[in-house]
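Here is what each chain is made of, one letter per residue.
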Amino acid sequence: MTPQVAMKGSKEEARMAEKTILRALNGEILPTPPVWMMRQAGRYLPEYRATRAKAGDFLSLCYTPELAAEVTLQPIRRYGFDAAILFADILLLPQALGADLWFVTGEGPRLSTTTSASDFAKLKGRDDIHDTLAPVYETVGILSRELPRETTLIGFAGAPWTVATYMIAGRGTKDQGPAHALKAEDRETFVKIIDLLTVSTIEYLSKQVEAGAEVVKLFDSWAGSLKGPDFEEFAVEPARRIIAEMKARFPGLPVIAFPREAGEGYIGFHEKTGADCVAIDNSVSPEWAARNVQISGCVQGNLDPKHMITGGQALIDATRHVVEAFRNGPHIFNLGHGITPDADPENVALMIETIRNG
Ligand SMILES: Cc1c2[nH]c(c1CCC(=O)O)Cc1[nH]c(c(CCC(=O)O)c1C)Cc1[nH]c(c(CCC(=O)O)c1C)Cc1[nH]c(c(C)c1CCC(=O)O)C2
């Protein structure tokens, strides 16, 4: 073994020893689960609101590396979370593919719609996304230099189905009706959209990893509306393809998959997709998830985000309940979905205190 390789090995070991998130993702059962929170950089924090006001609007915040890095760091400074998640949005990728994207205050995202073969033909290719997304990679670079050494940096993308639901409808929808309709009526175009998103996501995540992301997460927020063979074809299979290619390019890269509200679909998701960790939403109990999902590997979750609004003894009890239920396997503590703007920052501190000090 050359001295250089030996040094690399020990550096890698030292990195693992400090980063509890990487240890849990590697299958280790820790006495205290590491913790981070979906949407931890967000509107419930006054410092986030101040930086967002400085940026002007949400998309300018996403595309200004110094400010995006600043909001990513804010919850790390305030709470000492074990992971930081890149501040960006799953809808930047369709924008980089040529869709128009804007956010309507108080309502959410709007996109130009992709609902026909001719709309699809106007989109760019997988290799044409990086000019638009370069500032995101720059944010990752700043973060990998500025984060505390014990904090793990998570990069992310939306899963193809979830991103497709927004591209097809042009907005968020309750039942993903327009995407299901296109799947039924013009399956060829629908499959082309899923394929383009699958290969583009691989390129997007690869650049994040090259810039310093240590873990990547796939958000499939609407996986729960895919049933039976559709779930296998459009939630499992794209995740499997993305994870296989990411691991071929970056051996040892840990991947978290979040097929939200998959229910029974969570069972076997590790094995079917190759994910190191499956994130669990709060529509299933932690006991059920421990019995049926944690037996396959690390899980992340799943405190109901409503406790971040209501707090008190119920928050303490529910936090202990999640920790207890997942105690016998690898676990990363998180909420079952993102923290909401009406949450009280004090309740986040109470949750962390309960996890770390019992
Ligand atoms: C579906 C989805 C989107 N974006 C995302 C998902 C998947 C996860 C989920 O189900 O929540 C993922 C996302 N969005 C954001 C992040 C950053 C990292 C984090 O802290 O988790 C991540 C990982 C920032 C954001 N993305 C958005 C905000 C709020 C924007 C603001 O500051 O006004 C943040 C902090 C906006 C956004 N972005 C999106 C919607 C529907 C909205 C509007 C709803 C809302 O306002 O919460 C699309």
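The structure presented is a predicted model; accordingly, all values stated were derived computationally and were not measured.

## Describing the packing of helix α5 (residues 65–79) against helix α8 (residues 130–146)
Right, so step 1: Running from N to C, α5 and α8 point in directions that differ by 50 degrees, and their axes come no closer than 8 Å. Comparing the axis directions of α5 and α8 gives the class oblique. Note that α5 runs across α8; the crossing there is right-handed. In this structure, α5 uses Pro-65, Glu-66, Ala-68, Ala-69, Thr-72 and Leu-73 to contact α8, whose residues at the interface are Pro-135, Glu-138, Thr-139, Ile-142, Leu-143 and Glu-146.
Right, so step 2: By residue class, the composition of the contact of α5 with α8 is 7 nonpolar, 2 polar and 3 charged.

## What about unusual backbone geometry?
Right, so step 1: In this structure, Asn-302 follows Gly-301 across a cis peptide bond, with omega equal to -20 degrees.
Right, so step 2: In this fold, Asn-302 is placed in strand β8 (residues 298–303).
Right, so step 3: With a phi close to 60 degrees, Arg-39 is a non-glycine residue in the positive phi region.

## Let's talk about the site of the ligand
Right, so step 1: Every one of the 23 residues lining the ligand counts as a neighbour, but Tyr-48, Arg-52, Asp-89, Ser-221 and His-337 are closest to it.
Right, so step 2: With respect to the ligand, the side chain of Arg-52 contributes an N or O atom lying 2.6 Å from an oxygen atom.
Right, so step 3: Side-chain polar atom of Ser-221 to an oxygen atom of the ligand: 2.5 Å apart, as the coordinates give it.
Right, so step 4: Elements supplying a minimum of two residues to the shell around the ligand: α3 (46–55) and β3 (108–111).
Right, so step 5: Classifying every residue of the shell around the ligand by side-chain character gives 15 nonpolar, 4 polar and 4 charged.

## Examining the packing of aromatic side chains
Right, so step 1: For the structure on display, the rule yields 10 aromatic pairs.
Right, so step 2: Seen from their ring centres, Phe-156 and Phe-219 are 5.6 Å apart, and the 85 degrees between their planes marks the pair as edge-to-face. One end of the pair, Phe-156, is in strand β4 (residues 152–158); the other, Phe-219, is in strand β5 (residues 215–220), and 63 residues separate them in sequence.
Right, so step 3: Classification of Phe-156 as buried rests on a relative accessible area of 6%.

## Structural notes on the nonpolar core
Right, so step 1: Residues Leu-92, Tyr-204, Met-308 and Met-351 are the most contacted members of the largest nonpolar core, which totals 124 residues.
Right, so step 2: The element that contributes the greatest number of residues to this core is helix α11 (residues 187–211), accounting for 9 residues.
Right, so step 3: Not counting the four nearest positions on each side in its chain, Leu-92 is found in contact with Leu-59, Cys-62, Tyr-63, Leu-101, Leu-133, Val-136 and Tyr-204.

## Topic: the side chain of Thr-162
Right, so step 1: Along the chain, the position of Thr-162 falls in helix α9 (residues 160–169).
Right, so step 2: Not counting residues within four places of it along the chain, the set of residues in contact with Thr-162 comprises Ile-90, Phe-219, Asp-220, Ser-221, Trp-222 and Ala-223.

## Quick notes on the pairing of β5
Right, so step 1: With 6 of 6 residues buried, β5 is to be regarded as a mostly interior element.
Right, so step 2: Where burial is concerned, the two faces of β5 agree: the one with Val-215, Lys-217 and Phe-219 and the one with Val-216, Leu-218 and Asp-220 are both buried.
Right, so step 3: Here β4 runs beside β5; their pairing, made up of 5 bridges, is parallel. Looking at β5, one finds that Gly-155 is bridged to Val-216.

## Brief notes about the UniProt feature "binding site: substrate" (unreviewed entry) in the protein
Right, so step 1: As annotated in UniProt, the feature "binding site: substrate" (unreviewed entry) corresponds to Arg-39, Gln-40, Ala-41, Gly-42, Arg-43, Asp-89, Tyr-166, Ser-221 and His-337 in the numbering used here. A maximum C-alpha distance of 22.7 Å is found for the annotated residues, which run over 299 residues; spatially they are spread out rather than grouped.
Right, so step 2: On the secondary structure map, Arg-43 appears in the loop between α2 (20–25) and α3.
Right, so step 3: Beyond its immediate chain neighbours, meaning those up to four positions away, Arg-43 contacts Tyr-48, Arg-49 and Pro-341.

## Let's talk about the UniProt feature "site: Transition state stabilizer" (unreviewed entry) in the protein
Right, so step 1: The UniProt record annotates "site: Transition state stabilizer" (unreviewed entry) at Asp-89.
Right, so step 2: For Asp-89, the location among the structural elements is in the loop between β1 (83–85) and α6 (92–96).
Right, so step 3: For Asp-89, a relative accessible area of 12% puts it in the buried group.
Right, so step 4: One polar contact links the side chain of Asp-89 to the main-chain amide nitrogen of Leu-91, over a distance of 3.0 Å.

## As for helix α16 (residues 312–325)
Right, so step 1: The end-to-end C-alpha separation of α16 is 20 Å, in line with the 20 Å expected for 14 residues at 1.5 Å each.
Right, so step 2: Those residues of α16 lying buried are Leu-315, Ile-316, Ala-318, Thr-319, Val-322, Val-323 and Ala-325.

## Quick word on the pattern of salt bridges
Right, so step 1: Summed over all chains, the structure comprises 21 salt bridges.
Right, so step 2: The residue Glu-18 makes a salt bridge to Arg-149 at a minimum N-O spacing of 3.0 Å. With a gap of 131 residues between them, Glu-18 in helix α1 (residues 3–18) and Arg-149 in the loop between α8 and β4 connect regions that are remote in the sequence.
Right, so step 3: For Glu-18, a relative accessible area of 32% gives the class partly exposed.
Right, so step 4: In this structure, the salt-bridge partner of Glu-107 is Arg-110, at a minimum N-O distance of 2.4 Å.
Right, so step 5: With relative accessibility at 12%, the residue Arg-110 sits in the buried group.
Right, so step 6: One salt-bridge network, held together by shared partners, links Arg-15, Lys-19 and Glu-214.

Quick notes on the rules
Residues numbered from 1 in each chain as written. Predicted model: local features only at pLDDT ≥ 70, side-chain atom pairs only at ≥ 80, totals over all residues. Heavy atoms only, no water. Axes fitted to C-alpha atoms, helices over the stretch in contact; angles between N-to-C directions. Helix = DSSP H or I, 4+ residues; strand = E, 2+ residues; numbered from the N terminus. Parallel < 35°, antiparallel > 145°, perpendicular 65-115°, else oblique. Left-handed = near helix turned anticlockwise from the far one by under 90°. Contact = heavy atoms within 4.5 Å. Nonpolar A, V, L, I, M, F, W, Y, C, P; charged D, E, K, R; others polar. Near = heavy atom within 4 Å. Polar contact = N/O pair within 3.5 Å; in protein donor to acceptor, adjacent residues only side chain to side chain. Phe/Tyr/Trp six-rings, centres within 6.5 Å; stacked < 30°, edge-to-face > 60°. Buried < 20%, exposed > 50% of the residue type's maximum accessible area, 1.4 Å probe, protein only. Core = buried A, V, L, I, M, F, W, Y, C linked by side-chain atoms within 4.5 Å. Pairing = 2+ DSSP bridges. UniProt positions renumbered as here; feature names shortened; annotations may be inferred. Expected span 1.5 Å × (residues − 1). Salt bridge = Lys/Arg side-chain N within 4 Å of Asp/Glu carboxyl O.

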